[in-house]
Amino acid sequence: GAVVSQHPSWVICKSGTSVKIECRSLDFQATTMFWYRQFPKQSLMLMATSNEGSKATYEQGVEKDKFLINHASLTLSTLTVTSAHPEDSSFYICSAPSSRGYEQYFGPGTRLTVT
Amino acid sequence: QKEVEQDPGPLSVPEGAIVSLNCTYSNSAFQYFMWYRQYSRKGPELLMYTYSSGNKEDGRFTAQVDKSSKYISLFIRDSQPSDSATYLCAIGDDKIIFGKGTRLHILP
C-alpha cells in the first residue's frame, strides 16, 4: 500500500512556542490530505482538510489561526500549532485518500507534548 | 445523537475466542463501511471495507453491514494476541467519520 510519513514522531515544546508537523506522501501524489487529532482513549477527530494550492478547510470549532495548514506541494502538507498550550498536547495524525476514495492512508502520527 | 457510536471497551477475551465488535450509525446516506485497526502509538490502517449491505470475509475477519438497522459488525475468529489493538469503525465516502474505537485485548 501507499506510504505516508510524518515528522517528527514525537515533540516536546514549551507553552507559547510554535511547532510544525510535516506529512508526506512518499510514493504517490495527494491533492488532499486530512489532519486529525486524537486524545487518549478517544476517537480520531478531523481537524481540517488540506488542499494543494488552496486554503485548508477547517472543521467547526477548530481555530484556523492557531492550527496553520500549508499544502505546499502534491506530496507535502504541514500543520503548525502556534502558541501551543498544554491542552494542545495530543496525537496528531495525517492521512491521504487513496484513488478509491473511501480508503485513507494514515501517517504514523506525531505525539505533541506541551509543557 | 453522534453520527457513529462505538463502545470504547476495553474488551478482553482469551486467545482462540470469537470476538464481536459493533457500531451503530445515524446517517443512512453513507455507502462505505470500514474497519481500521490501530496499534498503540501508530496510525490506523484499513482492515476491511464493505460497500452497502452484506457480509465480507477475509481470513479470520468478517465484516457485516445491516443498513436497515444501521448496524455494522466485525467478527474475529480464532483470536490471537497479535490482534490486540484498537479497532475503529468508519463510515462515509470521501469524508470519513470514525467511531471512538474499541480497545481489544487478547489474553494468551
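In this report, we go over the structure that sits alongside the text. Remember, predicted model here, so these are calculated numbers, not experimental data. (Residues numbered from 1 in each chain as written. Chains lettered and ligands numbered in written order. Predicted model: local features only at pLDDT ≥ 70, side-chain atom pairs only at ≥ 80, totals over all residues. Heavy atoms only, no water.)

### A closer look at the interface of chain A and chain B
Spelled out, the test is: By definition, residues are in contact when any of their heavy atoms lie within 4.5 Å. Two parts placed together each lose some accessible area; with a 1.4 Å probe, that loss summed over both constitutes the buried area. One speaks of a salt bridge when a side-chain nitrogen belonging to Lys or Arg is within 4 Å of a carboxyl oxygen belonging to Asp or Glu. Throughout this description, a polar contact denotes any pair of N or O atoms lying within 3.5 Å of each other; where both atoms belong to protein, one of them has to be capable of donating a hydrogen while the other can accept it, and for residues adjacent in sequence the pair is counted only when both atoms sit in side chains. Here a strand is any run of E in DSSP of at least two residues, a helix any run of H or I of at least four, and the numbering for each starts at the N terminus. Here the nonpolar group is Ala, Val, Leu, Ile, Met, Phe, Trp, Tyr, Cys and Pro; Asp, Glu, Lys and Arg are the charged ones; every other residue, Gly included, is treated as polar.
Each side of the interface is counted separately: chain A has 20 residues, and chain B has 19 residues. Counting the surface chain A buries against chain B, the share from its top three residues, Ser43, Tyr102 and Phe106 of chain A, is 35%. One can count zero salt bridges joining chain A with chain B. Scanning the region where chain A abuts chain B turns up four residue pairs in polar contact (both at pLDDT 80 or more). Here the side of chain A that touches chain B takes three residues from strand 4 (residues 32-38) of chain A, the largest share from any one element. In terms of residue class, the side of chain A that touches chain B is made up of nine nonpolar, six polar and five charged.

### Concerning the pairing of strand 7 (residues 67-73) of chain A
When a strand is regular, its side chains alternate between the sheet's two faces. All names here are of chain A. Quick reminder of the rule: DSSP-based pairing: two strands are paired if at least 2 bridges between them are found.
Judged from the five bridges that link them, strand 7 and strand 8 (residues 76-81) form a sheet pairing that is antiparallel. In the sheet register, leucine 68 faces strand 8, and the bridge partner there is threonine 80. Counting the residues in the hairpin turn of strand 7 and strand 8 gives two residues.

### A closer look at the packing of aromatic side chains
As a reminder of what qualifies: Centres within 6.5 Å make a pair out of two Phe, Tyr or Trp rings, where for Trp the six-membered ring is used; the pair is then stacked when the planes are under 30 degrees apart, edge-to-face when over 60, and tilted otherwise. Burial classes: relative accessible area under 20% of the type maximum marks a residue as buried, over 50% as exposed, and values in between as partly exposed (1.4 Å probe, protein chains only). Two limits define a charge over a ring: the Lys NZ or Arg CZ must be within 6 Å of the ring centre, and within 35 degrees of the ring normal.
Considering all chains together, one arrives at nine aromatic pairs over all chains under this definition. Ring plane angle 65 degrees and centroid distance 5.7 Å describe the contact between phenylalanine 28 of chain A and tyrosine 105 of chain A, whose orientation is recorded as edge-to-face. Taken together, the positions of phenylalanine 28 of chain A in the loop between strand 3 (19-25) and strand 4 and tyrosine 105 of chain A in strand 10 (residues 104-106) put the pair 77 residues apart, joining distant regions of the chain. Take phenylalanine 28 of chain A and tyrosine 105 of chain A: they sit in the same class, and that class is buried. Relative to tyrosine 92 of chain A, the ring of phenylalanine 67 of chain A has its centre 6.5 Å away and its plane inclined at 40 degrees; by these criteria the two rings are tilted. Taken together, the residues phenylalanine 67 of chain A in strand 7 and tyrosine 92 of chain A in strand 9 (residues 90-97) connect sequence positions 25 residues apart. An aromatic cluster is defined as three or more aromatic residues linked by ring pairs; in this entry it consists of Tyr36 and Phe106 of chain A together with Tyr36 and Phe98 of chain B. Above the face of the phenylalanine 67 of chain A ring, lysine 66 of chain A is positioned so that its terminal group lies 5.9 Å from the ring centre.

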